[in-house]
Every structure is written in structure tokens, then in C-alpha cells.
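Coordinate analysis (summary)
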Amino acid sequence: MDLVTVNGLSKRYGGIVALSEATFSASAGEVHALLGENGAGKSTFIQILSGAVQHDGGSILVEGQDYRTANPDAAQARGIAAVFQELSLIPDLTVEQNIWFRHEPKTLLRTVNRAEMRRKTLALLDKYNFPTLRPDQELRRLTLAERQIVEIAKGLAKDPRILILDEATSALPAREAEWLLKLTRQLAAEGRLVIFISHRMAEVRAIADRLTIFRNGSTIAVHEANAVSDNEIVTQMIGRHLDRLYPERIATATDRIALSVKEFSSGSRLSGVDFALREGEVLGVGGLQGHGQRELFQSLFGATKASGTIELWGKPVSINNPRQALTGRDGIALVPEDRRGQGLLLTKSVRENLTLSVIGRFTEHGLLSRRKEADLVKEMVDFLRIKAGTPEQLAGTLSGGNQQKVIFGKMLLTQARVLLLYDPTRGVDVGTKGEIFQLMRELAAKGYAILFHSSDMPELVHVADRVLVMRNGRVAATLEGDRISEADILRAAMLESEAA
Amino acid sequence: MSAFLARNRLIVLAYAGMVVLLLVTALFSPGFLSISNMRSTVVLAAFVGIVALGQTVVIIGGGIDLSVPWVLNSAAIVMALLCGGQDLPLVWVMPLLLAGGALIGLVNGVGVAQFGVPPIIMTLATNVILQGLILVLTGGSPTPSAPALIQFLSVGRIGGFPVIALIWLALTLAATLLLSKAAFGRHLYALGTSATVAEFSGVPTARTTILTYVISGLTAAFAGMLLTGYSGQAYLGMGDAYLFTSIAAVAIGGASILGGSGHYLGTVAGAMVLTILTGLLPALNLSSGALLVVYGAVILLTVSIGSETFSGLGGKLRGKAN
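Residues numbered from 1 in each chain as written. Chains lettered and ligands numbered in written order. Predicted model: local features only at pLDDT ≥ 70, side-chain atom pairs only at ≥ 80, totals over all residues.

**Re the overall build of chain A**
How we decide: Elements are defined by DSSP. Helices are runs of H or I of four residues or more, strands are runs of E of two residues or more, and each kind is numbered from the N terminus. Radius of gyration means the value over C-alpha atoms here, while the globule rule gives 2.2 Å times the residue count to the 0.38 power. Three exposure classes are used, based on other C-beta atoms lying within 10 Å of a residue's own C-beta, which is placed from the backbone: buried for 20 or more, exposed for 12 or fewer, and partly exposed in between. Placing a C-beta atom from the backbone of each residue, one calls two residues in contact when those atoms lie within 7 Å.
A tally of regular secondary structure across chain A gives 17 helices and 22 strands. Taking 2.2 N^0.38 as the reference for a compact globule, 500 residues should give roughly 23 Å; the C-alpha atoms of chain A span a radius of gyration of 24 Å, in line with that estimate. Over its C-alpha atoms, taken along the principal directions, chain A stretches across nearly 70 × 55 × 50 Å. The 500 residues of chain A split such that 48% are buried. Within chain A, counting contacts between residues at least 6 apart in sequence, those at least 24 apart form 68% of the total.

**What to know about the sheet that holds strand 13 (residues 282-286) of chain A**
Residue and element names in this part refer to chain A. As a reminder, the rule being used: When DSSP finds two or more bridges between two strands, those strands count as paired. Axes here refer to lines fitted to C-alpha atoms; in helices the fit is confined to the stretch in contact. Angles between the N-to-C directions go from 0 to 180 degrees.
Taken together, the 6 strands give an open sheet; going across it, the order is 16-19-20-13-21-22, and neighbouring strands pair in mixed fashion. Among the strands making up the open sheet, the edge pair consists of strand 16 (332-335) and strand 22 (474-480). Sheet twist, expressed as the average angle between the axes of neighbouring strands with direction ignored, equals 20 degrees. With 5 bridges joining them, strand 19 (residues 418-422) and strand 20 (residues 449-453) adopt parallel strand pairing. Along strand 20, the bridge assignment pairs Leu420 with Leu451. Its contacts with the sheet place helix 15 (residues 430-445) against strand 13, strand 19 and strand 20, and it is angled at close to 150 degrees to strand 20.

**Describing the environment of Trp70(B)**
Residue and element names in this part refer to chain B. Tracing the chain through its elements places Trp70 in helix 4 (residues 68-83). Put simply, Trp70 and Ala251 are 181 residues apart on the chain and 21 Å apart in space, counted from C-alpha to C-alpha. Dropping the residues within four chain positions of it, Trp70 is found in contact with Asn127, Leu130, Gln131, Ile134 and Gly239.

**Considering the environment of Ala26(A)**
Inspection of the secondary structure assignment puts Ala26(A) in strand 2 (residues 16-26). Ignoring any residue separated from it by four or fewer positions in sequence, one finds Ala26(A) in contact with Asp2(A), Leu3(A), Val4(A), His32(A), Leu193(A) and Ile195(A).

**Description of the nonpolar core**
What counts is decided by this rule: Take the buried Ala, Val, Leu, Ile, Met, Phe, Trp, Tyr and Cys residues, join any whose C-beta atoms are within 7 Å, and the set you get is a nonpolar core. How far each domain reaches was decided by an automatic or database domain assignment.
Counting 234 residues, the largest nonpolar core has Leu420(A), Ile450(A), Phe452(A), Val51(B), Leu72(B), Met79(B) and Met225(B) as the members making the most contacts within it. Each of domain 1 (4-238) and domain 2 (257-499) of chain A gives at least three residues to this core. Dropping the residues within four chain positions of it, Leu420(A) is found in contact with Phe297(A), Leu300(A), Phe301(A), Ile332(A), Ala333(A), Leu334(A) and Leu451(A).

**Examining the packing of helix 3 (residues 35-60) of chain B against helix 11 (residues 205-231) of chain B**
The description of two packed helices rests on the angle between their axes and on the distance between the axes. Residues and elements named next belong to chain B. Note the cut-off: Each angle gets one of four labels, with under 35 degrees taken as roughly parallel, over 145 as roughly antiparallel, 65 to 115 as roughly perpendicular, and the rest as oblique.
At a minimum axis separation of 7 Å, helix 3 and helix 11 run at an interaxial angle of 170 degrees. Taken together, the axes of helix 3 and helix 11 lie roughly antiparallel to each other. Contacts between helix 3 and helix 11 pair Phe47, Ile50, Val51, Leu53, Gly54, Gln55, Val57 and Val58 from the former with Thr212, Tyr213, Ile215, Ser216, Gly217, Leu218, Thr219, Ala220, Phe222, Ala223, Leu226 and Leu227 from the latter.

**Describing the sheet that holds strand 10 (residues 218-224) of chain A**
Residue and element names in this part refer to chain A. Judged by pairing direction, the sheet is mixed, and its 6 strands sit side by side in the order 6-7-8-3-9-10 without closing on themselves. In this open sheet, the two edge strands, each paired with only one partner strand, are strand 6 (80-83) and strand 10. Strand-to-strand twist in this sheet, taken as the mean axis angle between neighbours without regard to direction, amounts to 20 degrees. Here strand 3 (residues 31-35) runs beside strand 8 (residues 193-197); their pairing, made up of 4 bridges, is parallel. Looking at the pairing, His32 lines up with Ile195 of strand 8.

**Considerations on unusual backbone geometry**
Residues and elements named next belong to chain A. Positive phi, close to 50 degrees, is recorded for Arg385, a residue that is not glycine. Its place among the elements puts Arg385 in the loop between helix 13 (370-384) and helix 14 (400-413). Residue Arg385 is classed as exposed on the basis of its C-beta count, with 11 C-beta atoms lying within 10 Å. Unusually for a residue other than glycine, Asn472 sits at a positive phi of about 50 degrees. Along the chain, the position of Asn472 falls in the loop between strand 21 (466-471) and strand 22.

**A few points about helix 9 (residues 293-300) of chain A**
Within helix 9 of chain A, 8 of the 8 residues are buried, which leaves it mostly tucked inside the rest of the structure. Listing the buried residues of helix 9 of chain A in full gives Gln293(A), Arg294(A), Glu295(A), Leu296(A), Phe297(A), Gln298(A), Ser299(A) and Leu300(A).

**Points about the domain arrangement of chain A**
Where interface size is given, it is often the accessible area lost as the parts come together that is meant. Residue and element names in this part refer to chain A. Put simply, the rule is: Amino acids outside the nonpolar list (Ala, Val, Leu, Ile, Met, Phe, Trp, Tyr, Cys, Pro) and the charged list (Asp, Glu, Lys, Arg) are all regarded as polar, and Gly is one of them.
When the domains of chain A are assigned, the result is domain 1 (4-238) and domain 2 (257-499). When each unit is reduced to the centre of its C-alpha atoms, the spacing between domain 1 and domain 2 is 30 Å. Mapped by element, the contributors of at least two residues to the side of domain 1 that touches domain 2 are helix 5 (144-156), helix 6 (174-189) and helix 8 (230-238). Ranked by residue count, the leading element in the side of domain 1 that touches domain 2 is helix 8, at 3 residues. Tallied by class, residues from the side of domain 1 that touches domain 2 come to 7 nonpolar, 6 polar and 4 charged.

**Topic: the packing of helix 13 of chain A against helix 14 of chain A**
All names here are of chain A. Put simply, the test is: In this scheme the crossing of two helices becomes right-handed for a clockwise turn of the near helix relative to the far one and left-handed for an anticlockwise turn of less than a right angle.
Two elements in contact, helix 13 and helix 14, have axes whose closest approach is 10 Å; the angle formed by their N-to-C orientations is 125 degrees. One finds that helix 13 runs oblique with respect to helix 14. In terms of crossing hand, the pair formed by helix 13 and helix 14 is right-handed. Two secondary-structure elements touch here, helix 13 through Leu376, Met380 and Leu384 and helix 14 through Lys405, Phe408, Gly409, Leu412 and Leu413. Partitioning the contact of helix 13 with helix 14 into residue classes produces 6 nonpolar, 1 polar and 1 charged.

Structure, rendered in C-alpha cells:
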């Protein structure tokens, strides 16, 4: 019998239909993938299932019983837990305090039983073979990837019959992502149902038994995973045939050096990086996560202190803060790692976000010209095909892909021609991914110089002209031409570090 | 127009509340809507409004300024002492004390922006230090009376309009330009919404933060001098009421106390609401104790209306961000 059966599920937000007549069924011991573009209704669906949101119409049966929950606690009582991509952890608490938050083991006096909490934490981490996590570490000291792993532990701590993983691998480096896939299989083998959402097709193929495809709030198809091709899936997701994800790689690099970095160091994570980025070039930055990529991008942008020399277009510069980085045509702009925390003002409009970095340019005698601003905003919205009702729509209400486009627009408006793109396609739907790669090639052809990091290795392989592989805070290898392959990147990233 | 209403719903609500309150007050106290009474209400509201101008800017930027009572009080007392009841010294005393207010603001701003002191601690400390300095300076003795010119600015009239109302109007216009029409305003809202995003977007976050406290120091000092003219002299503790009212006016005006939203036009309504309330309550024969209770209740009510829309918006963001 099915563990979960959903029929005719509907949900509206004001005039916007998030789900209409969606169906779904899955049974215990199964890994069930949920696929769809951003805005297809996947998130709303799992929010309803996990008790964060109530549905307007339709029925949900869990173990044959009607299911309608008022809040996540009630959902957990019915054995459903969710791990969301927007991290729900508290920075000031430790790893274990976060894992057991509001479910702490208690002593007779109703105080927190720390010894018991530690014991249970270690048992949990051990049982599922978690990558190194110290229970007493403060959360704010952890990287995004480590926090995601804590979030997973928190979900498992509730011992759910149904575990929902929403984009749980998108913040994880390759090795940890692989662990999570193994974990998912283990959970299914224990008789649980894992509902798995990912934009990475390879992962879905590797672990899903069945998959359900959503489009525009409705269920489009249900497949046995081994009976359907990637192409069919993508076509059903986007409702049209997608020619190709990666644009043709035409070499547009010139001999002119746009960005030259020498002996660049920052803290313990970045120790002596040298490289040159040329005009018209897309230079990939790869390697295992945590080997200095984040520090490299943040330091170049002035968000983290660093030493060493930087030359932009042949001129030595010193960049101590993002404001200095973003100075006009000779500047350097960043698409940051954390879209919601670093990139966007979620409660402000698309217009205000787009022009934030260059607002001074629209002033005449100290006063803003709304008309000049509106013209440029419209130009950028059209150019990037940002899907927003009006430029006044709040950025937080856009889909992930469109949010990322707004950040690109903000960056392009600064007129900086050296662009730092840190994982720009993370959590972005496949259609927008294609547009972003296309845009990168177009910009390169116009003479922009692009430094590009991706946590998804195939992207580096297919989009970058050259790839810097980082290891222990240095450039371990520079791959060109035919030598750009996943195997070569991994080899350069891992081999010598294992020997050392 | 409807887009304007939707975006500024809380400000419109504040004005609606002000009108309702006016009518209710007129019901209990028939003379309340008379020209002369409205005039004195606006004059009283102007003091709150001017102090709350700086407070609005600081709160939008994500901070709070608890030093306004004694910046105000210090300016009042030092002005009275330096002028000794004469008009002529005002020529240099007023600019000097405005600069002094700005300097206190600079200290607050640098403490918050450069040294990372939490705004509550930083400004509370400045407030206490100023209080101590003034006590030492005066030894508790009364000050000379206010110069005639400053009295004219606070209680005089031009063509039937109170001079201070005209000053308030000019400041409102200036604040509106600053918030809606200057790059500073855009930077300010970004800073209050998310300091990290603002920093990553190249907003001069430190400079913007410091400037908010400088503006608040300026308006508090200015209000202190005007209030001396209104009272006829300066006295210890004259600024105390303005700590609560300046923050309350901002909150009633629809700004989020967490920063990133609100407008001075809302604060103007907030200052009016607070002042009309102080007119209504005596008409209801309420004691000054009861007045404080109602004051507090009104703040709670308005802030909860604000936070309801805030959480409603939050729900929308969570729901739609797919």
C-alpha cells in the first residue's frame, strides 16, 4: 500500500496559483524524486506535506488516514520531516543544540540533559556515517556545506518515516554529496520514504526509484526512473524541447590581461595564489570545496582581507572593500555565493535591487531621476528576460532563477568588466541555467573577463575555457583544452593532497 | 495610485488614525478643533516631530538613538547659559550647538559603524555621559531665560502660522527629499534591510550609518534650543519625554523597528497622533498615570498592526519562493 497518496491538491497565494490538482503517490522503502523548474510547485507541495503551509483543496492520505497539519510539529508527530535549502538553523547554538532544538533530552528536573544529548548526537552521527562534525562547534563557524549537513542531521534526529530532502545536495561539495546519496539509499533500505528534490539530473538518476514531474503547479508525469531518458524528463519539465544546456564554446580570449593576481593570500585558507585572467575569457575555478575558492572570490572582491598584488587591466590596485571593487569600467563585480543573504534585498523591489550599486548615477543636482532609473531598469529586465510582473515586484517573491538574474543585472549595471561568478547556477532551474551560460559566453565575446566557480563539475568542464584547480589554498593545476575533464579536475584536486 | 497606497499602507493608516483620533477628541472636548487649539497642538507636535526626524533616519538604517533626551537637554541648557538672555550671541551659539549635536552623533555613529558597539549601548552611554556633564556644568542651578529670538521661533507667528510649524514643514520637505530623492535614501533603506547585502552591493555602509546618527544629533540639538524658547527657559530633564515619543512616533508612522522601511511622512502623522492623545486624555479626566498606560497601549497596537503585515509578507516570501 502507498505510504502517501495525494489527490487534487491545490494552493493559491492571492491571485497566484501555486498548485492546481496535483497528484502524487509513493510507498515505504522508496526514493522518490520530485522534478520541475523553479516555480513548478515542488516547494509548495513539500511545504504542505511538512506542515509549513495548509492546502486549499484536495486530499492527502498518509498511511491511509486523512492528513492535514497545522504546523511542522504536527507533521513530525505523523512521522514527516523536511530538510530545506533555506537553512533553519540558529547561528549562536552549537551543532548538537541545533540538531535537538526543541526536542532536547530532559533530566528529571526538566533541564537539558547534556550528557544524554551528546550521547544521542554521537550515536546519530555514527549510525549514518556523517562527515566530520563536532557536536560542540558553534554553528556560525561552519561553512554553508557543513550547515547543510547539520540540517540533515536535524531532520534525521526526528526518526521520520518520510524524509523530504529539498535541494539538500546543492550546497554540498562532491564528496559530501556522494555521502548523502548513499545515506538516502540507506534510509530507503530501512523502510523509510525519501522524497528527493534536486536540479542535478545525475543525482536523480543515481538514486531515485521513481520520479514525479511537476510543471505549472500540476503533476505532468510519473516514471520508473530506469524507464525514461534525460531528454524526455527535461522536455516534460520545461514543456518544450531544450536544444542544449551548454552553449558552443567559441574561444574569444585575447592576449590582454584583465586581472592578474600574484602571491595572493588570506588567513589560513588562501596561501599564495597566482593566475592571470584574460579579456574575453571564462576561467573556471574548481577543486574540492573548502580549498580556498570562497576566500579567493571574496578577497578579490574586497569582502575579506588579503595580501598580495592585484592588477586590473594592467594597473595595480588595492581593494579593501566591495565599494572599491565596484568602481566603474575598471572595476570587479561579484555574484555572491549566498543569493538571499549577500545578493538580494528580498523585501525590496526588482528596481531597487538592480540599481542599488549605481544609484549615484541617476542623480542630477543631488536628486534622483526616476525616469532615467526606470529606463535603465527596463533595459536590463528586457535584456536578461527577468520574469517579474512589474519592476516594483518584491525580489523575494521571484523564483530562484529570476532572483539570480536580478543579481546579474545589478552586477552588469556597475559596468565592471571583470566578473566573479561564485556558483551562479546553484538552486537555479535548468532553463535559466542554460540562459546564464549563454549570457556568460556573450559577455566574454564582448570582452568581459569572467572568473567562474561551480560546485557542479560538469559546468566547469563544459563552459570554462581554462580551469584552475585549487588545493590547500593554492592553484594546484591549470587545465586547458582536452585536459578539461571531470577526471582531470578530480585528479589534480585530490592526488597530491593524499600523498602529502 | 493604488500601487502607492499598497506600498505605503502603514503611512496611510497612520494618517487615518490621526483623523479618527481628532474626531473622537472633538466629541469629548468640543473646543478641540478650534483654530487656536489646533495651532497649539501642531506646535507641540512639532517638537516631537523634529526630534523624531533624526530618530526616523536612524531606525530606517537599522539602528536606534537613545541619546536624544540629553543631546536635546544639553543644547537647551548650554544655549541658555551662553546667551544669558541676549539675542545677539545666538548668531554663533546656534551654529556651535548644532555642530555640537552633530559631533555627538558622529561619536555615536563611529562607535556603532567602526567599532561595532551595539546602537542601544552606544547611544545609552552617550546619553548618560551628557547627563553627567550637564549636571557638573550647572550644579543644578537654574539657567537664564531664553533669548527673545528663540522664543519667536517657537511660539511666534508669521501670517497666522506658528513659525515652528513652518520650520517643521521645511524640515519635512528636506527629509522627504533625502529619503525619496537622494542616493543617500536608497543606501539607507538597503542598509536597514540587510547590512551584508548593502556592503556586497558597494553601499558605503559605514558612512551611511554615521550620517544617520549625525542627523539625529542635529535634530535633537535643534529641538532642544526651540523647546527652550517654548518653555521660556532651560531646565534639567526637559528632554526625557522625547526618548519614548520620538521612537513611538516612528513606530506609529509605520516604520519597522528592525529597519529597512518607513518614511518621515509617517512619522509626522505619528507625532500628531501622540500629541492629540495627550490632548484627549485630560478631556477624559484621565490621570497622567493613565495617560502613560494608554500611550503604551497605542504603541503596542500600532506595532502589532505593523508586525502582522510584516509576518504576512514573510509568509508570502516563503510561499512563493519556489
